[in-house]
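# Remarks on the overall topology
Listed here are the chains, written in short residue letters.
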Amino acid sequence: MPAMRFRALVEDWSMLEVFLLAVLVTYVKLISMAQIGIGPGAWVFGALMLVSTWAGASFDPRIVWSRLEARS
Amino acid sequence: VSAAALTAAEAGFARCEVCEALVRWGEVPPDSERRCGRCHSPVHLRRPNSIVRTWSLVLAAYVMYLPANLFAMTVIISMGSSERDTILSGVLALIAAKWYPVAILIFVASITVPLAKLLTLTGLLLSVHRRSRWRPRDRAELYRVVERIGRWSMLDVFVLTLLLALVQLGSLATIEVGRAGTFFASVVVLTILAAKSFDPRLMWDAMEERE
């Protein structure tokens, strides 16, 4: 099942929460240079980070495997 | 069999690192490769060439660490004059602007974490070489911390890309990536790869040897 192997491979490189923090830092850095505001995309992106981290934390690959094995 | 716990290897099994199934190892040599019967990933008793790979990645990261901190990370060109900032001078500028939390954040993520990671991995590698029996639980915990915090060093790389994309005000102001950018990104990627190639089970092997 390459999908599960792919998931294990990319797990370490998905860094949504790090990226969100980077957005905040960039915002702070730009305040001194120009006038900027936060658009609705930022809030939705924050929500996306919460939901995807939550999903990643609650996903248990062993359930997938045990269900697959029960079927065969 | 050690008193504390029975390991899969002692029972004649290897654990698949992808799906966590136990693969019967049998009489095959310990350093060979098998396929997991469940998910078909390659399975090893210990990650192959773990020590050599981790050493080379750690050493490469040390080499990159110096230019990453000495060269300019960002070059801000505004109104015709250009201003170069290294990682440290960027932190100092944030302190001067009284953005203390952000300054601490950048300092920890970009300077402390990569160096601490490199030193910790070096220490763990040396402890495996010396077959050390010193505080194995703490060393295992140390490895888990290194594995978990590595990703946060990407923070400065992301900030850099965002600034680069956002600040394109033509003749008014532009930001360019200095030479340190590539070096810093490679330090972060190399240390993440190094942490992944180190096999913490090697530390426990030394514990079982002399029992």
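In case you missed it, the structure is sitting above this.
Here is a short report on the structure shown in this document. Please read all numbers here as calculations on a predicted model, not as lab measurements.

### What to know about the overall build of chain A
- What chain A contains, in helices and strands, is 4 helices and 0 strands.
- Along chain A, helices (α) and strands (β) appear in the sequence α-α-α-α when read from the amino end.
- Over its C-alpha atoms chain A spans a radius of gyration of 18 Å, topping by over 25% the 11 Å that the globule rule assigns to 72 residues.
- Dimensions of chain A, computed from the C-alpha atoms along their principal axes, are close to 60 × 20 × 15 Å.
- Looking at charge distribution, chain A has the averaged site of its 6 positive side-chain charges lying 4 Å from that of its 5 negative ones.

### Here we look at the pattern of salt bridges
All names here are of chain B.
- For the structure shown, the criterion picks out 11 salt bridges over all chains.
- Across the pair arginine 135 and aspartate 138 runs a salt bridge whose closest N-O atoms are separated by 2.8 Å.
- Given a relative accessible area of 48%, arginine 135 falls into the partly exposed group.
- The class of aspartate 138 is partly exposed, set by a relative accessible area of 39%.
- Across the pair arginine 144 and glutamate 141 runs a salt bridge, and its minimum N-O distance is 3.0 Å. One end of the pair is arginine 144 and the other is glutamate 141, both in helix α4 (residues 136-149) and 3 residues apart, which spans about a single turn.
- With relative accessibility at 39%, the residue arginine 144 sits in the partly exposed group.
- You can call glutamate 141 partly exposed: its relative accessible area is 37%.
- Each of Glu17, Arg47, Asp199 and Arg201 takes part in a single network of salt bridges with overlapping partners.

### Looking at the interface of chain B and chain A
- Listed by partner, the interface residues are 28 residues for chain B and 25 residues for chain A.
- Both sides together, the interface formed by chain B and chain A hides about 2,700 Å², and carbon and sulfur atoms give 77% of it.
- When the buried area of chain B at its contact with chain A is split by residue, Arg38, Arg151 and Phe158 of chain B rank highest and sum to 23% of it.
- There are 3 salt bridges connecting chain B and chain A.
- Close ionic contact of glutamate 17 of chain A with arginine 151 of chain B constitutes a salt bridge, the shortest N to O distance being 2.2 Å.
- Every element with two or more residues in the side of chain B that touches chain A is listed here: α3 (100-129), α5 (154-166) and α6 (180-197) of chain B.
- Looking at the side of chain B that touches chain A, the element that brings in the most residues is α5 of chain B, giving 7 residues.
- In terms of residue class, the side of chain B that touches chain A is built from 21 nonpolar, 2 polar and 5 charged.

### Section: the nonpolar core
- Counting residues in each nonpolar core, the largest one holds 34 residues, and the members touching the most others are Ile106, Met154 and Phe184 of chain B.
- Sorting the residues of this core by element identifies α2 (16-31) of chain A together with α1 (50-70), α2 (87-96), α3, α5, β7 (173-177) and α6 of chain B as the ones contributing at least two each.
- Top contributing element to this core by residue count: α5 of chain B, with 8 residues.
- Listed in part, the 18 residues of the second largest apolar core include Val58, Ala61, Leu124 and Val146 of chain B.

### Focus on the sheet that holds strand β5 (residues 74-78) of chain B
Residues and elements named next belong to chain B.
- The 3 strands lie next to each other as β6-β5-β7, forming an open sheet whose pairing is antiparallel. Whereas interior strands pair on both sides, the edge strands pair on one side only; in this sheet they are β6 (81-85) and β7. With direction set aside, neighbouring strand axes in the sheet form an average angle of 20°.
- Where β5 meets β7, 5 bridges bridge the pair, whose relative direction is antiparallel.

### Thoughts on unusual backbone geometry
All names here are of chain B.
- Phi angles above zero are rare outside glycine, and histidine 40 is one such case at about 65°.
- Mapped onto the elements, histidine 40 comes out in the loop between β3 (34-35) and β4 (42-43).
- The backbone of lysine 98 sits at a positive phi, close to 65°, despite the residue not being glycine.
- Tracing the backbone shows lysine 98 in the loop between α2 and α3.

### Notes on the environment of leucine 172 of chain B
Residue and element names in this part refer to chain B.
- If you trace the backbone, leucine 172 turns up in the loop between α5 and β7.
- When the C-alpha positions of leucine 172 and valine 146 are compared, they lie 42 Å apart, and in sequence the two are 26 residues distant.
- Beyond its immediate chain neighbours, meaning those up to four positions away, leucine 172 contacts Ile77, Ser78 and Met79.

Reading the values: the criteria
Residues numbered from 1 in each chain as written. Chains lettered and ligands numbered in written order. Predicted model: local features only at pLDDT ≥ 70, side-chain atom pairs only at ≥ 80, totals over all residues. Heavy atoms only, no water. Helix = DSSP H or I, 4+ residues; strand = E, 2+ residues; numbered from the N terminus. Rg over C-alpha atoms; globule rule 2.2 N^0.38 Å. Lys, Arg positive; Asp, Glu negative; His and termini not counted. Charge placed at Lys NZ, Arg CZ, Asp CG, Glu CD. Salt bridge = Lys/Arg side-chain N within 4 Å of Asp/Glu carboxyl O. Buried < 20%, exposed > 50% of the residue type's maximum accessible area, 1.4 Å probe, protein only. Contact = heavy atoms within 4.5 Å. Buried area = accessible area lost by both parts, 1.4 Å probe. Nonpolar A, V, L, I, M, F, W, Y, C, P; charged D, E, K, R; others polar. Core = buried A, V, L, I, M, F, W, Y, C linked by side-chain atoms within 4.5 Å. Pairing = 2+ DSSP bridges. Axes fitted to C-alpha atoms, helices over the stretch in contact; angles between N-to-C directions.

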